[in-house]
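What the coordinates show
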Amino acid sequence: MFLNTLTPKFYVALTGTSSLISGLILMFEWWYFRKYGTSFIEQVSVSHLRPLLGGVDNSPSNSNTSNGDSDSNRQSVSECKVWRNPLNLFRGAEYNRYTWVTGREPLTYYDMNLSAQDHQTFFTCDTDHLRPADAIMQKAWRERNPQARISAAHEALELNECATAYILLAEEEATTIVEAEKLFKQALKAGEGCYRRSQQLQHHGTQYEAQHRRDTNVLVYIKRRLAMCARKLGRTREAVKMMRDLMKEFPLLSMFNIHENLLEALLELQAYADVQAVLAKYDDISLPKSATICYTAALLKARAVSDKFSPEAASRRGLSTAEMNAVEAIHRAVEFNPHVPKYLLEMKSLILPPEHILKRGDSEAIAYAFFHLQHWKRVEGALNLLHCTWEGTFRMIPYPLEKGHLFYPYPICTETADRELLPSFHEVSVYPKKELPFFILFTAGLCSFTAMLALLTHQFPELMGVFAKAFLSTLFAPLNFVMEKVESILPSSLWHQLTRI
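In this text the structure is predicted, and so the values were computed from the model without any measurement.

**Here we look at the overall build of the protein**
For the protein, the helix and strand inventory stands at 25 helices and 2 strands. When burial is assessed residue by residue, the protein has 45% of its 501 residues classed as buried. Here the protein displays about 28100 Å² of accessible surface, and carbon together with sulfur accounts for 58% of that area.

**Describing the environment of E158**
Positionally, E158 belongs in helix α8 (residues 146–159). In sequence terms E158 and A133 are 25 residues apart; their C-alpha atoms lie 8.4 Å from each other.

**Comments concerning the packing of aromatic side chains**
Evaluated as defined, the whole model comprises 7 aromatic pairs. Look at F123 and W141: their rings are 5.3 Å apart centre to centre, the planes differ by 45 degrees, and that puts the pair in the tilted class. Taken together, the positions of F123 in helix α6 (residues 109–123) and W141 in the loop between α7 (132–140) and α8 put the pair 18 residues apart, joining distant regions of the chain. The buried category is assigned to W141, whose relative accessible area is 3%. Ring centres of Y295 and Y368 lie 5.5 Å apart, and the angle between their planes is 40 degrees; on these two criteria the pair is classed as tilted. Separated by 73 residues along the polypeptide, Y295 in helix α15 (residues 291–303) and Y368 in helix α19 (residues 362–378) bring together distant segments of the chain. Here the two residues Y295 and Y368 agree in accessibility, since each one is buried. Taken together, the aromatic side chains of F123, W141 and Y221 make up a single cluster linked through ring pairs.

**What to know about the state of the cysteines**
Considering all chains together, one arrives at 0 disulfides under this definition. As a non-bridged cysteine, C162 has C194 as the owner of its nearest cysteine sulfur, 7.5 Å distant. The class for C162 is buried, based on a relative accessible area of 5%.

**Concerning empty space enclosed by the protein**
A water-sized probe rolled over the atoms picks out the places where empty space is left. Across all of its chains, the model carries 3 cavities of 30 Å³ or more by this definition. Every element with two or more residues in the lining of the largest cavity is listed here: β1 (82–84), α15 and α19. Ranked by the residues each element gives to the lining of the largest cavity, the list is headed by α19, at 3 residues. Its residues assigned to classes, the lining of the largest cavity comprises 7 nonpolar, 4 polar and 4 charged. Considered as a void within the structure, the second largest cavity measures approximately 90 Å³ in volume. Broken down by element, the residue count for the lining of the second largest cavity peaks at 4 residues, all from helix α9 (residues 163–172). When grouped by side-chain class, the residues that make up the lining of the second largest cavity number 5 nonpolar, 3 polar and 5 charged.

**Considerations on the side chain of D215**
Structurally, D215 is set in helix α11 (residues 206–232). With a relative accessible area of 5%, D215 lands in the buried category. Once you skip the residues sitting within four places of it in the chain, D215 turns out to touch C194, Y195 and S198.

**Focus: the nonpolar core**
Ranked by internal contacts, the top residues of the largest apolar core, which has 96 residues, are M137, I167, F184, I222, Y295, L344 and W376. In this structure Y295 touches A333, V334, N337, V340, P341, L344, Y368 and W376, once residues within four positions along its chain are discounted.

**Some words on the packing of α7 against α8**
Across the interface, α7 lies against α8 with an axial gap of 8 Å and an inter-helix angle of 175 degrees. Accordingly, the angle class assigned to the pair α7 and α8 is roughly antiparallel. Facing P132, A133, I136, M137 and A140 of α7, the residues of α8 in contact are R149, A152, A153, E155, A156 and L159.

**Focus on the pattern of salt bridges**
Going through the model one piece at a time under the given rule, you end up with 18 salt bridges. A salt bridge links D215 to R214; its shortest N-O distance comes to 3.0 Å. With respect to class, D215 is no different from R214; both count as buried. For K241, the salt bridge identified is with D245, shortest N-O distance 2.9 Å. Of this pair, K241 and D245 both sit in helix α12 (residues 236–249), 4 residues apart, which is roughly one turn of the helix. Accessibility expressed as a relative area gives 34% for D245, which makes it partly exposed. Look at the salt bridges and you will find they share partners, linking R91, R149, E172 and E355 into a network.

**Considering the environment of L169**
In this fold, L169 is placed in helix α9. Take L169: its relative accessible area is 2%, and that puts it in the buried class. For L169, the contacting residues outside a window of four places in its chain are I150, A153, H154, L157, A174 and L183.

**Observations concerning the confidence of the model for the protein**
Per-residue pLDDT for the protein averages 80, and the proportion of residues at 70 or more is 81%. Per-element mean pLDDT across the protein ranges from 42 in helix α4 (residues 60–79) up to 94 in α19. A low-confidence stretch, residues 55–78 stays under pLDDT 50, and its non-local contacts, those more than four residues away or across chains, total 7 contacts.

**Regarding helix α20 (residues 382–389)**
Residues spaced three or four apart along an α-helix face the same direction, because each turn holds 3.6 residues. For α20, the full list of buried residues reads A382, L383, L385, L386 and T389. In a view along the axis of α20, the buried residues occupy a sector of 160 degrees, so they form one face of it. Taken together, the buried residues of α20 touch α15, α17 (321–336), α18 (340–344), α19 and α21 (392–396).

**Examining the packing of α11 against helix α13 (residues 258–268)**
Running from amino to carboxyl end, α11 crosses α13 at an angle of 15 degrees, the nearest separation of the two axes being 11 Å. The angle between the axes of α11 and α13 places the two elements in the roughly parallel class. Like other packed secondary-structure pairs, α11 and α13 cross with a definite hand, here left-handed. Two secondary-structure elements touch here, α11 through V220, R224, M228 and R231 and α13 through I258, N261, E264, A265 and E268.

Calculation criteria
Residues numbered from 1 in each chain as written. Predicted model: local features only at pLDDT ≥ 70, side-chain atom pairs only at ≥ 80, totals over all residues. Heavy atoms only, no water. Helix = DSSP H or I, 4+ residues; strand = E, 2+ residues; numbered from the N terminus. Buried < 20%, exposed > 50% of the residue type's maximum accessible area, 1.4 Å probe, protein only. Areas by Shrake-Rupley, 256 points an atom, 1.4 Å probe, with all protein chains shown as cover. Phe/Tyr/Trp six-rings, centres within 6.5 Å; stacked < 30°, edge-to-face > 60°. Disulfide = S-S within 2.5 Å. 1 Å grid on protein atoms, 1.4 Å probe; cavity = no way out; pocket = protein on both sides within 12 Å on 5 of 7 lines; lining within 4 Å. Points joined across faces, edges and corners; volume = space filled by probe spheres on them. Nonpolar A, V, L, I, M, F, W, Y, C, P; charged D, E, K, R; others polar. Contact = heavy atoms within 4.5 Å. Core = buried A, V, L, I, M, F, W, Y, C linked by side-chain atoms within 4.5 Å. Axes fitted to C-alpha atoms, helices over the stretch in contact; angles between N-to-C directions. Parallel < 35°, antiparallel > 145°, perpendicular 65-115°, else oblique. Salt bridge = Lys/Arg side-chain N within 4 Å of Asp/Glu carboxyl O. pLDDT = per-residue confidence, 0-100. Arc of directions from axis to C-beta. Left-handed = near helix turned anticlockwise from the far one by under 90°.

In structure tokens, the structure reads:
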């Protein structure tokens, strides 16, 4: 009787309201997922409903697991340490020229702020207030305005031959690499004098030790940048010699990662035996890895087989030992940083690399591909071998967020850090892609289904009313069957009393 009294307008209103509610839920779920990376309904279910239903186990094993999860979270945060880019460009001669041509800023404020912190760490010490020029430069490194920094450097040079003032002018005021090299040579002359003087006094107290440490950092930085200038100006053999001498003179200063500059210069000379010797020293299990280490090792192994490699022939006869080694090296490199292949294969456009990189992140991939793409192109067939094999890594690691194959699990914080390091006009590469939660897919399906029902009910109200009544009758058929059985078993007088209640 109730179903027969319902009008078509009721069905139109019911389906329309259901479609509206499910659509609102879908929009909220999508907004929450885009902002926080998880489903709101799923989070509420896990955090609030499951404890009420007794889904939390307070056993010691569970507490140990939670402690392990928190430890892994802390580990993943520590793994997202931002590193100074070993091959960072010159602001005045390269980054600013890009801005003049395109009108875009290639460096983010976060990246430049990290550089300012590096400069204060490497180029200043507690005794700077005793020397007027160094006191001015201590303030200059904290200045946000580039013109204010440059003016302070000129002011410091009027008082004394200040090595750090020359560094700042070479980095930010020089508009060509030739000008930057001239300024760095002047900085080298001043820096060597300060280094010799502080070396004689380094054991006379903590202040002198700090001053000597600062002068050492300044000298290493100048020599390393001079080597990079020589490399950019085409004097690659001279650059290699300067880098080797620097690594022999200061073997403990590994924080500058000069070996990555050396690897790139040796690849330019096609001195592959020397590259292998450097890799043998730095591609060690106890040393931190980088995209330069992993992909250079893969390039050397690919070089041995890439010129004759054919996917069709390999599928027929199988992979040889050398080909298998090359493929495994590529898989190792892709697992370490999965963003690099798209840049090497030119499936994604390159931008200027930032001054800081996140290892295993998109920023490191850009920095590597920016300088090493030419080396991969020079080796015949290397890019073809990479193209045929790199995606196989993802089949070997079904869910890299939870476990790794050759390295520790892929950190979950790389996307956030890369978005801070890379400019807004660049589309950040994300790995692994976020999968849409079940509740978003379910709500999308429900919204689409109810919207279709609302449209059909509005267009064909009589027909949809018949279908709705048939559906509801079928839905309640089991209940009606049970009720009939109960009526046949119970006495009519008792059933009459129960229905009155």
